[in-house]
Amino acid sequence: MNKLIFILFAFAFITTLSACKKFLDKKQNTSLVTPQTVADLQALLDDADRTMNTGVSPSFGEASSDDLFVPENTLNTLLGWTQYAYRWQPYAYRFPNDWSQAYIPIYNTNYCLEMLLKNERSAANTSEWDNVYGSALFYRAYYFLQLNWIYAKAYDEATASSDPGIVLRLTSDFNVPSERASVENCYKKIIEDVMEASYRLPAYARHVFRPSKAAAYGLLARTYLSMRKYDSAYKYADLCLGIKNELMNYNGDEEIGTITANNPFKRFNKETIFYAEMGTDGLFSLIAPARSRADTVFYESYEDTDLRKKAFFLLASGYYRFKGSYSQSTIPFTGIATDEIYLIRAECSARKGGEGIDQAISDMNKLLSHRYTISGFVPLNYTNPALLLDRILEERRKELFFRGIRWSDIKRLNKEGRNIILRRKVGNDIYELKPNANYYALPLPADIIEQAGIKQNEP
């Protein structure tokens with residue numbers, strides 16, 4: 001049994017079936033068991049701090065985007081493959097990495113779905129059974145989508161049926177060969193899973209570590225946005241906000257400490273719909289806030305009356321580093337929050353034009369009035385939908401900084417002719433990544449190619 005299989009097996013079967021002390025008021029149970037009952041399976045999915053929510057979301061896309069740079073003296077101290085990745089050059093990297101991280105919760109969900117079928121759904125256990133079933137589908141789709149954002153090309157109706165996507169592992173049986181599905185089939189499966197999850201899950205979860213109906217609608221909005229299916233993205237963003245729509249006011253909120261503090265935002269704050277954090281394996285060593293810095297031009301695009309400028313950034317060695325994660329730590333929050341959903345609904349509304357402009361402006365004014373100083377907020381008043389869309393996309397980038405979303409946005413926007421060219425300077429050399437380049441489907445780990453026999457992405 002190779003290293004990857006061993007680790008997946010160990011995480012799935014030999015794990016403490018509990019989560020942090022604050023989660024669900026459950027005491028720790030350190031017994032080593034094989035999950036079989038509905039309660040066991042729920043406990044496996046509740047293992048938030050080790051396998052399901054934190055330390056799992058990919059960092060490769062964030063490390064490849066245009067929001068961050070690494071000072072050269074820091075870059076030279078890092079491992080060779082991280083330097084290749086920073087220059088957008090293929091390299092034969094191996095375990096541990098984003099791929100191996102994300103397939104651990106996928107394995108767990110497949111195991112739960114299989115074991116759940118051995119537990120009859122009855123009048124006595126309907127809500128518990130449905131929660132496990134819906135949660136497993138949600139988690140699987142959540143990580144399928146993130147992997148697809150990283151390792152597959154942007155969705156394009158003209159080529160999606162032939163573009164290679166990720167491996168859709170739908171079983172816990174290691175003997176079933178891994179094969180890459182098409183991008184089209186990947187998105188179909190993601191949507192199918194989340195749709196079913198939305199029927200099974202409660203509107204509100206007992207804790208934001210758990211999926212909910214609101215989270216499922218938010219995930220569908222994310223998915224359709226990355227496919228550039230804006231009518232559907234609007235629909236599910238609207239449904240999501242119909243359940244949960246709170247925003248923190250950066251001018252002063254009980255869930256925000258001092259805005260200039262190192263970690264100003266409370267973890268599990270009122271904007272959080274579903275909680276997840278970026279994994280610290282792979283390329284996080286490259287972009288950790290202690291090493292990376294915000295792009296200088298991007299940082300200067302924040303107005304001085306924009307409270308995000310103080311909330312998100314801290315001066316460090318002449319540049320500004322990120323500090324404003326909703327994780328209340330240096331680990332980036334990658335979950336689903338209401339600010340993102342407002343931005344999705346606003347963007348889709350602006351793209352509609354006509355009456356959609358009023359909806360878009362309303363959503364943006366609500367968001368920005370919670371982000372600017374009271375005296376510095378100037379309500380938006382656009383009549384040109386193209387200019388409004390440009391502003392929304394600008395605010396989307398500012399608001400969702402370091403959440404693992406920018407890479408997907410660059411890919412989809414370049415499909416629409418935005419012509420976003422990425423550039424990095426290392427020494428005297430300038431490296432560029434052109435729009436729609438093959439490298440936007442980032443290279444798969446070499447050990448996965450060797451062990452599974454699947455095709456590597458084109459360089």
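Here, every reference points to the structure presented above.
This report concerns the structure included in the present document. (Residues numbered from 1 in each chain as written. Predicted model: local features only at pLDDT ≥ 70, side-chain atom pairs only at ≥ 80, totals over all residues. Heavy atoms only, no water.)

Some details on the overall build of the chain
Step number 1: A tally of helices and strands in the chain yields 19 helices and 10 strands.
Step number 2: In terms of overall dimensions, the chain is globule-like: its C-alpha atoms have a radius of gyration of 21 Å, near the 23 Å expected for 459 residues.
Step number 3: Projected onto the principal axes, the alpha-carbon positions of the chain cover approximately 60 × 50 × 45 Å.
Step number 4: Looking at the chain as a whole, 61% of its 459 residues qualify as buried.
Step number 5: Restricting the contact set of the chain to residue pairs at least 6 apart, pairs at least 24 apart contribute 73%.
Step number 6: As displayed, the chain has an accessible area near 18,400 Å², and 50% of this comes from carbon and sulfur atoms.
Step number 7: Positive and negative side-chain charges in the chain, numbering 55 and 54 respectively, have mean positions lying 2 Å apart. (Helix = DSSP H or I, 4+ residues; strand = E, 2+ residues; numbered from the N terminus. Rg over C-alpha atoms; globule rule 2.2 N^0.38 Å. Buried < 20%, exposed > 50% of the residue type's maximum accessible area, 1.4 Å probe, protein only. Contact = heavy atoms within 4.5 Å. Areas by Shrake-Rupley, 256 points an atom, 1.4 Å probe, with all protein chains shown as cover. Lys, Arg positive; Asp, Glu negative; His and termini not counted. Charge placed at Lys NZ, Arg CZ, Asp CG, Glu CD.)

A few points about helix α18 (residues 406-415)
Step number 1: Along α18, nine of the 10 residues are buried, which leaves the element largely enclosed by surrounding structure.
Step number 2: Those residues of α18 not exposed but buried are R406, W407, S408, D409, I410, K411, R412, L413 and N414.
Step number 3: After α18 finishes, the residue G417 shows a positive phi value of roughly 85°.

Considering unusual backbone geometry
Step number 1: With an omega of -5°, the peptide bond running from F95 to P96 counts as cis.
Step number 2: Not every positive phi belongs to a glycine, and N419 is a case in point at roughly 55°.
Step number 3: Summarising the element assignment, N419 is placed in the loop between α18 and β9 (422-426).

Remarks on helix α10 (residues 213-226)
Step number 1: For α10, built from 14 residues, the straight-helix expectation of 20 Å at 1.5 Å per residue is met to within 8% by its first-to-last C-alpha distance of 20 Å.
Step number 2: In terms of burial, α10 is largely enclosed, as 14 of its 14 residues are buried.
Step number 3: In the segment just after α10, R228 is the residue with positive phi, at about 65°. (Expected span 1.5 Å × (residues − 1).)

Quick word on the environment of L113
Step number 1: Mapped onto the elements, L113 comes out in helix α7 (residues 98-116).
Step number 2: Between the C-alpha atom of L113 and that of Y133, which follows or precedes it by 20 residues, the distance is 6.4 Å.
Step number 3: What L113 contacts, discounting residues up to four positions off in sequence, is Y133, A136, L137 and R140.

Some points on the state of the cysteines
Step number 1: Following the criterion strictly, the structure yields zero disulfides and no others.
Step number 2: There is no disulfide at C348, and the cysteine sulfur nearest it, in C240, is 13 Å away. (Disulfide = S-S within 2.5 Å.)

Some words on the pairing of strand β10 (residues 429-433)
Step number 1: Two strands pair when backbone bridges link them, and β9 and β10 are joined in this way by five bridges, in the antiparallel orientation. Residue pairing in the sheet places K425 in a bridge with I430 of β10.
Step number 2: Taken together, β9 and the strand that follows it, β10, pair antiparallel across an intervening segment of two residues, in which G427 is found at a positive phi of about 65°. (Pairing = 2+ DSSP bridges.)

Some words on the packing of helix α8 (residues 126-151) against helix α9 (residues 183-200)
Step number 1: For the pair α8 and α9, the least separation of the axes is 8 Å and the interaxial angle reads 150°. Of the possible angle classes, the one that applies to α8 and α9 is roughly antiparallel. As α8 runs across α9, the sense of the crossing is left-handed. On the side of α8, the interface is formed by W129, D130, Y133, G134, L137, F138, R140, A141, F144, L145, N148 and W149, while α9 contributes V183, C186, Y187, K189, I190, D193, V194, E196, A197 and R200.
Step number 2: When the residues that make up the contact of α8 with α9 are grouped by side-chain class, the tally is 14 nonpolar, two polar and six charged. (Axes fitted to C-alpha atoms, helices over the stretch in contact; angles between N-to-C directions. Parallel < 35°, antiparallel > 145°, perpendicular 65-115°, else oblique. Left-handed = near helix turned anticlockwise from the far one by under 90°. Nonpolar A, V, L, I, M, F, W, Y, C, P; charged D, E, K, R; others polar.)

A word on the pattern of salt bridges
Note on pairing: side chains with opposite charge can pair once their charged atoms come close.
Step number 1: On inspection of all chains with the given rule, the structure shows 40 salt bridges.
Step number 2: Notably, a salt bridge pairs D306 with R308, separated by 2.8 Å at the nearest N-O pair. In terms of burial, D306 and R308 fall into one category: buried.
Step number 3: Note that D409 is salt-bridged to R412, the shortest N-O span being 3.1 Å. Of this pair, D409 and R412 both sit in helix α18, three residues apart, which is roughly one turn of the helix. Neither residue differs from the other here; D409 and R412 are each classed as buried.
Step number 4: Each member of the salt-bridge network shares a partner with another, and the members are E271, D306, R308, D339, R371, R391, E395, E399 and R403. (Salt bridge = Lys/Arg side-chain N within 4 Å of Asp/Glu carboxyl O.)

Focus on the side chain of R169
Step number 1: Mapped onto the fold, R169 is located in the loop between β2 (164-167) and β3 (180-182).
Step number 2: Reaching out from R169, the side chain makes a polar contact with the backbone oxygen of V176 at a distance of 2.6 Å.
Step number 3: Not counting residues up to four positions away in its chain, the partners in contact with R169 are Y103, I106, N110, R140, F144, F174, V176, P177 and S178. (Polar contact = N/O pair within 3.5 Å; in protein donor to acceptor, adjacent residues only side chain to side chain.)

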